[in-house]
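# Remarks on the overall topology
So you can see what is in the structure, the chains are spelled out below.
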Amino acid sequence: MKTASAGTVESMDCIVTASEADPGSGVTVQIAGASAARFGSAMRAAVLSVVSKMGITDVTLSVQDNGALDLVLQARTEAALERLKGGDVA
Amino acid sequence: MSINAVGRHLPDAIPGYGPVKPFQGAAARVPEGHRDGGRLRAVYGGKDKVLPDLKAAIAASGLQSGMTISFHHHLRNGDHVINAVVDACAEMGLRDLVLFPTALFGVHKKLIPHIKSGVIRRIMGSVNGPIGQLVSEGGMEDPVVLRSHGGRPRAVTSGDVHIDVAFVGAPTADRYGNISGVGSRSACGSLGYAHTDAMYADCVVAVTDNLQPYPISRISIPQHYVDFVVAVESIGDPAGIVSGSTQITRDPLRLLISRYASQLIEASPCFKNGISFQTGAGGIPLAVTAFLKDAMKRRNVKGSFGLGGITGYFVDLLREGYVERLLDVQSFDLEAVKSIAENPDHIEISADWYANPWNSGAAVNALDVVILGATELDRDFNANVNTEADGALLHGTGGHQDTAAGAGLTIIAQPLLRGRIPCVVDAVYSVTTPGEVVDALVTEFGVTLNPRRTDLVEACREAKTVPLVPMEELVDRAKKLTGPMDPVVTEERIVGVIEWRDGTVLDVVRQLTPRK
Amino acid sequence: MSLRRTMLYLPGNNPNMLLRGHLFRPDGLILDLEDAVAPSEKDAARILVRDVLCRGEFGGCEVTVRINGMDTELWREDVAAVVPAGATGLRVPKVENPRDIRLLDEYLGEVESHAGIAEGRTAIFCLLETALGIWRAYDIATASPRVAALIPGGEDLTADLRTNRSADGTELATIRSLLVVAARAAGVDALDTVYPRVADDEGLRREVAFIKQLGFDGKSVIHPNQIPIVHDIFTPTEAEVEKAKRIVAAARDAAARGLGAVQVDGRMVDKPVVRRAEFTLSRAGLSGEVM
């Protein structure tokens, strides 16, 4: 299974790891870390918005958060998905 | 059910706590009656109070299952005393003990098995780290009671809490029970938090690793309060008791906030000769002190005293003449320990003297400026220092309430965001300190003044040096940055009671529902 | 014209600094895609910097991006990502040929018109990090009307000169003076290189006083703690401000009464002195006050 990730463990950043998923399996998002307890819903929505904007229907994403704002979550998700697409395998 | 003065709904009584007196306002409650006191005792003759070990002292003290034992936290994260005493109690078959420490630290997670097995039934005092998590998840029979450094001696002197046996960790003690906080490798300086317990407990046991011939010098707690003395191998790890030299932070965000806070103080009416302040040992408060020192030098202002937890930085201020005295309830580092032993202007004070609202006037009343932190602040300037964003009870109240209530200018200084977690919200999860005694919040976005303090608003506008941000704007900005928060999901069951320093209830903390 | 006393470098792959840099109130920001970003992170940093630019919260700061060198494959993608996102200036590393600036000017024109941005909005800040770059400073500064400033390199430049950076900056003294002359001749700003010893406040203070005296308009900074120190030195003293106010007021008064000559404190004052007084007031943030 191909995977790619982007981001760092620094404060206000996160590591997003994207893994290929079987066609028809849909989008799965796992979120863990500093803000998950109070911002889980917002974080999930932020990640999903990037996936849908990029027209991806089947992927598994896992977020290890260290206080990232939506903007950062989205930038890291996009980078991870681009890397997955481009074959830049981590 | 009732609603208190900060708008919290409270039950009339809480199982394991008793009837609830709702918070009515910072200075609303006036006590009646007389002070409580320890058991009378007489010692005719005798030159030696030393017993062979902890178990002998526990037996001699008359400690029974269900009784209340107290400890001070001057040995901080180096403390060996609490764990050793509770271990001994467990081995002696005692159960249902009420632990009444002035604070607990990470090192005390070793008590968890004793909580689970029922040796400890209840904790009255701060809980943090793993014990806090355990309590938050409902792992304790009775709710913990959170009191401030002043609220605790109030509870003791008024009889709200009766101490059966006080175990006093003693860096130095003599054979007849005189105790000192200095003079050994376990030196912690001030023993301020232990004084009241020693005076009001039915029995007092000194636990030392530096037993000296009678009498020692520089006595903090004198022999006539102390019943037994036990010598042990070690009362604590020096590395955990005091920190090394305290450095001013280089972190740019903290320095920025500190600079704004110091500009606020300089612009305020209290910046004049005789100014007194408390800044503790945190990164931001210490940096504020450094900026304040520059301002005092530049404007030729001389201070009167520094209060509270004392660091080497404050010792330098005393030595260089920026303040005349230090009133020390707790010495944070080696420099402070050294200074309190040598400098007569560096004065040890008890927690009662420091902060108790129910005596003839505590030291906090004379305080001009205090710099504090908080996990959250709300639109009404209510501060939360007890619970984290996820609702877990992880921090003690410390001197937060007392200094805020006493100081002329109470400043909460910290970043608007810790990661994604904002420090300003519509309503705090738990109220530790009511907004009526909080004057300003300082963040990286500037200074947010409590509109109640029109004098400060005026002074800052005049000075033109302080960037002002209204609370409404700050809350909106935080919301825009972080997005909407999910609610904390809890059970009905109350696991913590947050008292105001006068013993009324500000808020309760409920058991967390496990997240899936 | 905006002040450029301090321009703060922000590492392009560090969300914490990218989001908070403006809070330290420098005059300008440099979101850095070049040296501060590891080769393997160039793609992620470009996305992050683009999104931070789109958000557009930088207080009152002038926002620029240091793109990767024009000797790399990366610079066109950098420009295409950050200019439509809102960068109003590009800091270009290792410029040593006016031809490169003309090439960039042309490409910027394409990107701007494609993105519907007013053509010519994006300014160019030239980092001269080689002896050759310094030697051609004037030609580089005049290669495009977009050029807003010249900045000497630090470490790279001293290496190219076959020396190293000393505490008192002897080796850079002539370079700096040359650069000021070229910048003034071309009508662009002269901005100094960074002071790398971030914990040495006194050293920074000395260096800033020195470069201010040479005629620099400001300095690049690599740590937020350097900002108050640089601003302190570039901010005119109260006496300087008072004198400048009197000169500007007298000049205005003279103009209103149709007089050519201006007298202040009993001395004749000519046009360059009036211009300098106006400049002093703008540095003190007071340009509006006597208008």
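Quick caveat, the model's predicted, so the values are computed rather than measured.

Let's shift gears to the overall build of chain C. For chain C, the helix and strand inventory stands at 12 helices and 10 strands. Rg of the C-alpha trace for chain C: 20 Å, near the compact-globule value of 19 Å for 291 residues, within the 12% margin. On the principal axes, the C-alpha backbone points of chain C span a range of 65 × 45 × 35 Å. Across chain C, the fraction of contacts at a sequence separation of at least 24, relative to all contacts at a separation of at least 6, is 69%.

Turning our attention to the overall build of chain B. The helix and strand tally for chain B stands at 15 helices and 30 strands. Against the globule reference of 24 Å for 516 residues, chain B gives a C-alpha radius of gyration of 23 Å, in line with a compact fold. Taken over the C-alpha atoms alone, chain B extends approximately 70 × 55 × 45 Å along its principal axes. Counting across all 516 residues of chain B, residues that qualify as buried make up 58%. Partitioning the intrachain contacts of chain B with sequence separation of at least 6 by distance along the chain shows that 73% fall at a separation of at least 24.

Attention now goes to the domain arrangement of chain B. Residues and elements named next belong to chain B. Domain boundaries in chain B define domain 1 (52-124 + 161-241) and domain 2 (252-488). Taking only C-alpha atoms, the centre of domain 1 and the centre of domain 2 are 31 Å apart. Contact residues are listed per partner, giving 13 residues for domain 1 and 15 residues for domain 2. The class makeup of the residues in the side of domain 1 that touches domain 2 is 5 nonpolar, 7 polar and 1 charged.

Turning next to the sheet that holds strand S21 (residues 376-378) of chain B. Residues and elements named next belong to chain B. Within the open sheet, the 3 strands sit side by side as S22-S21-S26. Their pairing is mixed. The sheet terminates laterally at strand S22 (383-384) and strand S26 (424-425), the two strands that pair on one side only. Bridge count for S21 against S26 is 2 bridges, and the pairing is parallel. Bridging from a neighbouring strand, Asp378 pairs with Val425 of S26.

This paragraph deals with helix H5 (residues 151-158) of chain B. The α-helix winds at 3.6 residues per turn, so residues separated by three or four positions along the chain end up facing the same way. All names here are of chain B. Summarising burial for H5: 7 of the 8 residues are buried, a large majority. Among the residues of H5, those classed as buried are Gly151, Arg152, Pro153, Arg154, Ala155, Val156 and Thr157. Along its buried surface, H5 packs onto helix H6 (195-200), helix H12 (351-355), helix H13 (400-406) and strand S29 (490-499).

At the interface, 11 residues of chain C touch 14 residues of chain A. Elements represented by at least two residues in the side of chain C that touches chain A include exactly helix H1 (15-20) and helix H2 (42-55) of chain C. It is H2(C) that contributes the most residues to the side of chain C that touches chain A, 7 residues altogether. When grouped by side-chain class, the residues that make up the side of chain C that touches chain A number 6 nonpolar, 2 polar and 3 charged.

With that settled, consider helix H9 (residues 201-214) of chain C. Residue and element names in this part refer to chain C. Along its 14 residues, H9 runs 20 Å from first to last C-alpha, staying within 8% of the 20 Å computed at 1.5 Å per residue. Of the residues making up H9, those classed as buried are Leu204, Glu207, Val208 and Ile211. Along the long axis of H9, the arc covered by the buried residues comes to 100°, so they all point the same way. In H9, the exposed positions angled more than 90 degrees off the buried face are occupied by Glu202, Ala209 and Gln213. Against helix H8 (170-186), strand S7 (189-192), strand S8 (218-221) and helix H10 (227-234) lie the buried residues of H9. Downstream of H9 by a residue or two, Gly215 has a phi angle that is positive, lying close to 115°.

The next point concerns the pairing of strand S27 (residues 440-443) of chain B. Two faces, one strand: in a regular strand the side chains alternate between the faces of the sheet. Residue and element names in this part refer to chain B. By the alternation rule, side chains of S27 split into Ala440 and Val442 and Leu441 and Thr443, which are all buried. Sheet topology places strand S23 (residues 409-413) next to S27; 3 bridges connect them, and they run parallel. When the sheet's bridge partners are listed, Ile411 is paired in S27 with Ala440. In this sheet, strand S28 (residues 446-449) lies alongside S27 in antiparallel orientation, the contact comprising 4 bridges. Counted as the bridge partner of Leu441 is Thr448 from S28. Between S27 and the antiparallel strand that follows it, S28, lie 2 residues.

Residues and elements named next belong to chain C. For the pair helix H11 (residues 238-256) and helix H12 (residues 271-283), interaxial distance at closest approach is 8 Å and the crossing angle is 130°. Accordingly, the angle class assigned to the pair H11 and H12 is oblique. In this structure, H11 crosses over H12, and the sense of that crossing is left-handed. Contacts between H11 and H12 involve Glu240, Val241, Ala244, Lys245, Ile247, Val248 and Ala251 from the former and Val273, Val274, Ala277, Glu278, Thr280 and Leu281 from the latter. Residue composition of the contact of H11 with H12, by class: 9 nonpolar, 1 polar and 3 charged.

Right, let's get into the environment of B:Leu211. All names here are of chain B. Within the secondary structure, Leu211 sits in strand S14 (residues 211-212). Since 18 C-beta atoms lie within 10 Å of it, Leu211 is described here as partly exposed. With 36 residues separating them in the primary sequence, Leu211 and Arg175 have C-alpha atoms 6.8 Å apart.

As a further point, take the environment of C:Ala251. Turning to its location among the elements, C:Ala251 is positioned in helix H11. Measuring from C-alpha to C-alpha, the distance between C:Ala251 and C:Gln263 comes to 8.1 Å, with 12 residues separating the pair along the chain.

Definitions and limits used
Residues numbered from 1 in each chain as written. Chains lettered and ligands numbered in written order. Predicted model: local features only at pLDDT ≥ 70, side-chain atom pairs only at ≥ 80, totals over all residues. Helix = DSSP H or I, 4+ residues; strand = E, 2+ residues; numbered from the N terminus. Rg over C-alpha atoms; globule rule 2.2 N^0.38 Å. Contact = placed C-beta atoms within 7 Å. Buried ≥ 20, exposed ≤ 12 C-beta atoms within 10 Å, placed from the backbone. Domains from an automatic or database assignment. Nonpolar A, V, L, I, M, F, W, Y, C, P; charged D, E, K, R; others polar. Pairing = 2+ DSSP bridges. Expected span 1.5 Å × (residues − 1). Arc of directions from axis to C-beta. Axes fitted to C-alpha atoms, helices over the stretch in contact; angles between N-to-C directions. Parallel < 35°, antiparallel > 145°, perpendicular 65-115°, else oblique. Left-handed = near helix turned anticlockwise from the far one by under 90°.

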